[in-house]
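Residues per chain, in single letters:
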Amino acid sequence: MKSLHALFKPTSSPTKTKTTTSSSSSTTPTTTTASKTRKPTTSSSSNAPLPSPNPLETTTTISKTSKNKPKSSLSALFIPPTPPTEAHIISLIHGSKTILQLHQIHAQIIIHNLSSSSLITTQLISSSSLRKSINHSLAVFNHHKPKNLFTFNALIRGLTTNSHFFNAIFHFRLMLRSGIRPDRLTYPFVLKSMAGLFLTELGMAIHCMVLRCGIELDSFVRVSLVDMYVKVEKLGSAFKVFDESPERFDSGGSALLWNVLIKGCCKAGSMKKAVKLFKAMPKKENVSWSTLIDGFAKNGDMDRAMELFDQMPEKNVVSWTTMVDGFSRNGDSEKALSMFSKMLEEGVRPNAFTIVSALSACAKIGALEAGLRIHKYIKDNGLHLTEALGTALVDMYAKCGNIESASEVFVETKQKSIRTWTVMIWGWAIHGHSEQAIACFKQMMFAGIKPDEVVFLALLTSCKHSGQVDVGLNFFDSMRLDYCIEPSMKHYTLIVDMLGRSGQLKEALRFIERMPMNPDFVIWGALFCACRAHKKTKMAKFALNKLLKLEPTHTGNYIFLSNAFAALGQWEDAERVRVLIQNRGVHKNSGWSYIEVEGQVHRFVSGDHDHKDAKAICLKLEEITAGAVKQGYIPGTEWVLHNMEQEEKDDVLGSHGEKFALAFALICTSPGMTIRIVKNLQVCGDCHSLMKYVSKMSQREIILRDMKRFHHFKDGSCSCRDHW
């Protein structure tokens, strides 16, 4: 960084001095302006320092060099430089790159007594806010007197932009109490703060103030009013303001007003109104198309979104990103990656959000090869590893089974947010590496990042998977006592699950009874599963009775209840729940498994024989099952939760999607190559057992990700140590 002393150096050189000695015994130095430069007669004056813009520094220098000299000689040693102008200071503020540079410029402003300049103060507040240094903005504002409209506007805008909504409203009230009248640049940010805090009545009061001021027809204010009403879910009021806008049919600059209202309709799920508005627009911009496409995507209608996308006269990076993100969020990760690839083929350069959406799609289905190609694209195009990109890459590698690469990217990511740390801790946790998860947490603490409730969920998950009950209980106590974080139902569920899995069923029940909130369906379900795993039938029935007293809140609860009855052999009760499920139109999510082979993702559904290689896959599955039986594998028919004959149970077990994926991988991949499978449900005990035998027979590592964790099968054993 260029020295600020150099930036503030005087525009003209100080005059040289010459000393005259009188004939008397006492000498009196005098200064004259010479037309030609002449070396001073005194030897010490030849070492006089250059003038400094800092008065303190100048004083120190003079005191050192003028020791044992008459005081009257000070004027000969220092002539103040020409002070910087207001325009020069403002240009420096605009040219600053970091908050440190801005602080240094602020120091020079104080040194040169320019703090009273309203224009300079306004620019300082704006620049500090732009760099997210709100405390500095507030300090500059508080020390400036007298305050005026411009300084208030700059601060309110900065606070709102940085989501300090309450503080923005506080300073707006202070502005009014100070007798300063707001203008057209004040109200839009105040309205945004009202919307951010969902203060509907206060927002309407601000609308009244706007009407009294007579600035309701200002386009900036009107768009902000519509946006505020949309965000506080007052769509009728938003339409009223829109209908009263005389410029709405002006094709020149009304697009923003239309887009805000279309977005509001989409957010409210009123897609018919959104489409009607879109068709009535005088001029449709790319943003208008993308807004409506995004609305359909967020409402789960990707067919209409795709239809609109195809109709777009000109597609840009925003529209492509909307489609990639839409498919990814709606569970069609394969289509999301296909759209991303097509985007690159069309020559459209993705932005950071596009890449994050594509990496998210890779993470969901375990498409490691696709993720590696995207990472290569980031490197080849010199994209900076921002916090968002780094976090997405760590998440992708962790969820695709390559925790080592996730750790490497984590180290390379310099800008780490709490989300980055959380994703890395989760990665270690779901892979069963509890020591690394805890070590990562300690590093986060040393970095000065305060943990939140999600971080503790990751830590408790890690302890649960590794069976470290005491460590988990310590973390649970620490979050309450040391960090004042009130545990949620999810935290309590993890503790019950952790105690239950370790066989401490009585302790788990006592923990439930001491809970400060009523245990829900998931809590009792966790206890039931633990009792079933440890074959404690009596307590399992107790937990089941508790479950029966709770009304199932979603599909999964009904399915769990049916399976619970089946697990205890209560087939009539299980059938009764299944009939209830059918009568209420509850649909069970089918199990699926993904596997990526040579860059192509293959999806297998339980009991699905529609794959083009289905015949070969079935033959291979029979072969590996027979080989495993010879090695001691016994099909775990107890995992079939239906009342049927033994032969039928064997058939059901053999049709699980992860087994099809395993057989397909053994056919299509090279010997010794790691097999990676992703499953949307928890792996059953029978599939888990078969994977162990196949890993030993094929001498391959099999990495299986289910809905709970990763299982690394190698040489006949699993990383979970049969504890999942």
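All of these numbers come straight from a predicted model, not from anything done at the bench.

Scoring rules and cut-offs
Residues numbered from 1 in each chain as written. Predicted model: local features only at pLDDT ≥ 70, side-chain atom pairs only at ≥ 80, totals over all residues. Heavy atoms only, no water. UniProt positions renumbered as here; feature names shortened; annotations may be inferred. Helix = DSSP H or I, 4+ residues; strand = E, 2+ residues; numbered from the N terminus. Buried < 20%, exposed > 50% of the residue type's maximum accessible area, 1.4 Å probe, protein only. Pairing = 2+ DSSP bridges. Axes fitted to C-alpha atoms, helices over the stretch in contact; angles between N-to-C directions. Parallel < 35°, antiparallel > 145°, perpendicular 65-115°, else oblique. Contact = heavy atoms within 4.5 Å. Nonpolar A, V, L, I, M, F, W, Y, C, P; charged D, E, K, R; others polar. Right-handed = clockwise from strand over helix to strand, strands pointing away. Phe/Tyr/Trp six-rings, centres within 6.5 Å; stacked < 30°, edge-to-face > 60°. Lys NZ or Arg CZ within 6 Å of the ring centre and 35° of its normal.

K.L.:
It is not clear to me how the UniProt feature "repeat: PPR" (unreviewed entry) in the protein should be interpreted in this structure. Could you clarify?
P.N.:
As annotated by UniProt and renumbered to match this structure, "repeat: PPR" (unreviewed entry) occupies residues 148-182, 254-284, 285-315, 316-350 and 417-451. Note that residues 285-315 is 74% helix and 0% strand, and that its end C-alpha atoms are spaced 11 Å apart. Helix makes up 74% of residues 316-350 and strand 0%, with an end-to-end C-alpha separation of 9 Å.

K.L.:
Would you mind going over the pairing of strand β5 (residues 710-714) with me for this structure?
P.N.:
The two faces of the sheet receive side chains in turn, since in a regular strand these alternate between them. Burial within β5 is extensive, with four of its five residues counted as buried. Bridge count for strand β4 (residues 702-705) against β5 is four bridges, and the pairing is antiparallel. Looking across to β5, one finds that R705 is bridged to F710. The turn linking β4 back onto β5 is made up of four residues.

K.L.:
Please explain the packing of helix α16 (residues 286-298) against helix α18 (residues 317-329) as it appears in this structure.
P.N.:
A pair of packed helices is characterised by two quantities: the angle between their axes and the separation of those axes. Where α16 contacts α18, the axes come no closer than 9 Å and their chain directions differ by 0°. Between α16 and α18, the interaxial angle falls into the category roughly parallel. Each of S290, I293, D294, A297 and K298 in α16 lies in contact with α18, whose residues at this interface are V318, S319, T322, M323, G326 and R329. Looking at side-chain class alone, the contact of α16 with α18 contains four nonpolar, four polar and three charged residues.

K.L.:
What should I look at first to understand the pairing of strand β3 (residues 675-679) in this one?
P.N.:
Most of β3 sits out of view: four of its five residues are buried. The pairing of β3 with β4 spans four bridges and is classified as parallel. By the bridge assignment for β4, I677 is matched with L704. In this region the chain leaves β3, passes through helix α37 (residues 685-698) and returns to the parallel neighbour β4; the handedness of that crossover is right-handed.

K.L.:
It is not clear to me how the packing of aromatic side chains should be interpreted in this structure. Could you clarify?
P.N.:
For the coordinates displayed, the defined rule picks out 17 aromatic pairs. Seen in terms of ring centroids, F141 and F152 are 5.0 Å apart; in terms of plane orientation they differ by 70°. Their pairing is edge-to-face. Of this pair, F141 sits in helix α7 (residues 134-143) while F152 sits in helix α8 (residues 149-161), and the two are eleven residues apart along the sequence. The exposure classification of F141 matches that of F152, with both residues buried. Note on F172 and Y187: the rings are 6.2 Å apart at their centroids and 65° apart in plane angle, and the pair reads as edge-to-face. With F172 in helix α9 (residues 165-177) and Y187 in helix α10 (residues 187-196), this pair connects stretches of sequence that are 15 residues apart. Of the two residues, F172 and Y187, both sit in the buried class. Site record: aromatic cluster; members linked through ring pairs are F441, F456, F475 and Y483. When the ring centre of F141 is taken as reference, the NZ or CZ atom of K147 above it lies at 5.1 Å.

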